Amino acid sequence: MADVNRGNRPLSPHLQIYRWQVPMLTSILTRITGNALIVAALLIVWWLLAAATSAEYFAVADAVVRSWFGKLVFLGSICAVWYHMLAGLRHLYYDSGRGLDIPTAEKLGWACIIGSVVLTVVTVVIL
């Protein structure tokens, strides 16, 4: 049957209406870091293919990898690896049926964010 009140219903809310919450942020960050890791992997594959192609082509790829852009991509990928790992551990904890209440989910979300930053700094200092 046709809905005669179609024009009277409110529009679906979007990001300007939602109040940002930590679980929402961590979900978005998980998707962003996953895609960032794909970009870093493509850069590594390009560098390896350039090494297998010729010395001149490798020099170009190596210059890009060693530039500020390449260093920024790899620094971001270090952070993304740590964040993605911590978020995966958090989801394993969720899968056990624990930590699903809002205060615990917010604490675990902040632990993932802060932990990934701290582990990235430790990794950069060590390497």
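For clarity, every value in this text was computed on a predicted model and none was experimentally measured.

**Q** Now, about the side chain of Arg90: what can you tell me, with residues and values included?
**A** By the element assignment, Arg90 lies in helix α3 (residues 68-95). For the buried Arg90, no salt bridge is present, and the opposite-charge side chain at shortest range is Asp95, 9.9 Å distant. Residues within four places of Arg90 in sequence aside, it is in contact with Thr26, Thr30, Leu108, Gly109 and Cys112.

**Q** Quick rundown of the side chain of Thr120? Include the residues and the values.
**A** Assignment of secondary structure puts Thr120 in helix α4 (residues 102-126). With relative accessibility at 7%, the residue Thr120 sits in the buried group. Engagement of the side chain of Thr120 in a polar contact is seen with the backbone oxygen of Ser116, the distance being 2.6 Å. Not counting residues up to four positions away in its chain, the partners in contact with Thr120 are Leu75, Ile78, Cys79 and Trp82.

**Q** Would you mind going over the environment of Val73 in detail, with residue names and values included?
**A** The topology assignment puts Val73 in helix α3. Val73 sits in the buried class, given a relative accessible area of 16%. Taking C-alpha positions, Val73 is 8.2 Å from Val39, a pair spaced 34 residues apart along the chain. Apart from the residues within four sequence positions on either side, Val73 is in contact with Ala40 and Leu43.

Reading the values: rules and limits
Residues numbered from 1 in each chain as written. Predicted model: local features only at pLDDT ≥ 70, side-chain atom pairs only at ≥ 80, totals over all residues. Heavy atoms only, no water. Helix = DSSP H or I, 4+ residues; strand = E, 2+ residues; numbered from the N terminus. Buried < 20%, exposed > 50% of the residue type's maximum accessible area, 1.4 Å probe, protein only. Lys, Arg positive; Asp, Glu negative; His and termini not counted. Salt bridge = Lys/Arg side-chain N within 4 Å of Asp/Glu carboxyl O. Contact = heavy atoms within 4.5 Å. Polar contact = N/O pair within 3.5 Å; in protein donor to acceptor, adjacent residues only side chain to side chain.

On their own, these measurements won't tell you what the molecule is for.
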